[in-house]
Amino acid sequence: METKKNSSKEIIALLVEKFPECFSAEGPAKPLKVGIFQDLAEKLADDEAVSKTRLRQALRHYTSSWRYLKSIKQGSHRVDLTGSQVAEIDQEQADYAAKSLKESQEKFGNKKAKDKAEGQKKFAKSSQAPKNKGGDEKKQKYKNVKSAKRPAKKPQEPVNLTPVDSSTLKEGATVKVKFGNAPMSAIITEVDGDDVHVQLQSGMVIKTQVENIFS
């Protein structure tokens, strides 16, 4: 009996071995076909070493890596398990991947990028401040400018979303998922009670709740 593979690292190594034209362990990654989880689940249905839960976790780990997110660029193509190109990546998908990459780098401590941003912020602030040569009049003027209230930004108009009936949710359905401040297009990969697994256009698979799914 084949030993169960419990870690994402072990499962990714298996995917690289079985589907080398699609997955890679190092170097540039290839963008994956939207809905590739279903293809993998069918191909590995008889493999007792890999459960669907562990497979989903490994796929999420793979598509959330910086190496993978860097591969999602406008004009590049997604591939299926054989390495065949199936769809071209558009600007929206590329922008979302770039945003996810930036957020991930900041979250996990990309200190160099963070320090650079802080330095630019300080430089901009110092360049806007008036030079203080010691005069009381200039000090008072600067104080008045600093204390003046800035006009409030006009709030963005909310996007109207229609909640879905949980009984109508099914795998393969195209929906909107509330992720952050803006709804994202996604495809349902699995429904487990109130938990819904969806794959975003970037290829990333996430778990959310029925209440965050809209038509």
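Residues numbered from 1 in each chain as written. Predicted model: local features only at pLDDT ≥ 70, side-chain atom pairs only at ≥ 80, totals over all residues. Heavy atoms only, no water.

Caption draft 1: Main features of the pairing of strand β5 (residues 195-200). For β5, the tally of buried residues reaches five of six residues, placing the bulk of the element in the interior. Note: strand β4 (residues 182-192) against β5, six bridges, orientation antiparallel. Looking across to β5, one finds that Ile187 is bridged to Gln199. Between β4 and β5, which follow one another and run antiparallel, lie two residues, and Gly193 among them has a positive phi close to 65°. Between β5 and the antiparallel strand that follows it, strand β6 (residues 205-209), lie four residues; Gly203 among them carries a positive phi value of about 100°. (Buried < 20%, exposed > 50% of the residue type's maximum accessible area, 1.4 Å probe, protein only. Helix = DSSP H or I, 4+ residues; strand = E, 2+ residues; numbered from the N terminus. Pairing = 2+ DSSP bridges.)

Caption draft 2: Main features of the side chain of Ser100. Within the secondary structure layout, Ser100 lies in helix α5 (residues 91-107). Judged by its relative accessible area of 10%, Ser100 falls in the buried class. Not counting the four nearest positions on each side in its chain, Ser100 is found in contact with Leu69 and Met204. (Contact = heavy atoms within 4.5 Å.)

Caption draft 3: Fine view of the packing of helix α1 (residues 8-18) against helix α3 (residues 52-63). One can describe the packing of α1 onto α3 by two numbers: an axis separation of 9 Å at closest approach and a directional angle of 85°. The orientation of α1 relative to α3 falls into the category roughly perpendicular. Contact with α1, carried on its side by Ser8, Ile11, Ile12 and Leu15, involves Arg54, Leu55, Gln57, Ala58, His61 and Tyr62 of α3 and no other residues of that element. A class-by-class count of the residues in the contact of α1 with α3 yields six nonpolar, three polar and one charged. (Axes fitted to C-alpha atoms, helices over the stretch in contact; angles between N-to-C directions. Parallel < 35°, antiparallel > 145°, perpendicular 65-115°, else oblique. Nonpolar A, V, L, I, M, F, W, Y, C, P; charged D, E, K, R; others polar.)

Caption draft 4: Layout of the environment of Ala186. As for its position among the elements, Ala186 is in strand β4. Of the residues examined, Ala186 reaches a relative accessible area of 2% and is grouped as buried. Separated by 10 residues in the primary sequence, Ala186 and Lys176 have C-alpha atoms spaced 5.9 Å apart. Once residues lying within four places of it in the same chain are set aside, the contact partners of Ala186 are Ala173, Thr174, Val175, Val177, Val198, Gln199 and Leu200.

Caption draft 5: Looking closely at a negative patch on the surface. A contiguous patch of negative charge, built from Glu88, Asp90, Glu92 and Asp95, is present on the exposed surface. By secondary structure assignment, the location of Asp90 is in the loop between β2 (85-88) and α5. (Patch = residues over 30% accessible without salt bridge, like charges linked within 9 Å, V, L, I, M, F, W, Y side chains within 5 Å. Areas by Shrake-Rupley, 256 points an atom, 1.4 Å probe, with all protein chains shown as cover. Salt bridge = Lys/Arg side-chain N within 4 Å of Asp/Glu carboxyl O. Lys, Arg positive; Asp, Glu negative; His and termini not counted. Charge placed at Lys NZ, Arg CZ, Asp CG, Glu CD.)

Caption draft 6: Representation of helix α2 (residues 36-43) in the model. Among the eight residues in α2, six count as buried, and that is most of the element. Restricting attention to buried positions, one finds in α2 the residues Ile36, Phe37, Gln38, Asp39, Leu40 and Ala41. If you follow the buried residues of α2, they end up packed against α1, α3, β1 (77-79), β4 and β5.

Caption draft 7: Highlighting the sheet that holds β5. Within the open sheet, the five strands sit side by side as β6-β5-β4-β3-β7. Their pairing is antiparallel. At either margin of the open sheet sits one strand with a lone partner, and together these are β6 and β7 (213-214). With two bridges joining them, strand β3 (residues 174-179) and β7 adopt antiparallel strand pairing. By the bridge assignment, Lys176 is partnered in β7 with Phe214. Across the sheet, α3 lies against β4, β5 and β6, angled at about 115° from β6, the strand it touches most.

So far we have only geometry, and geometry alone does not tell us how the molecule works.
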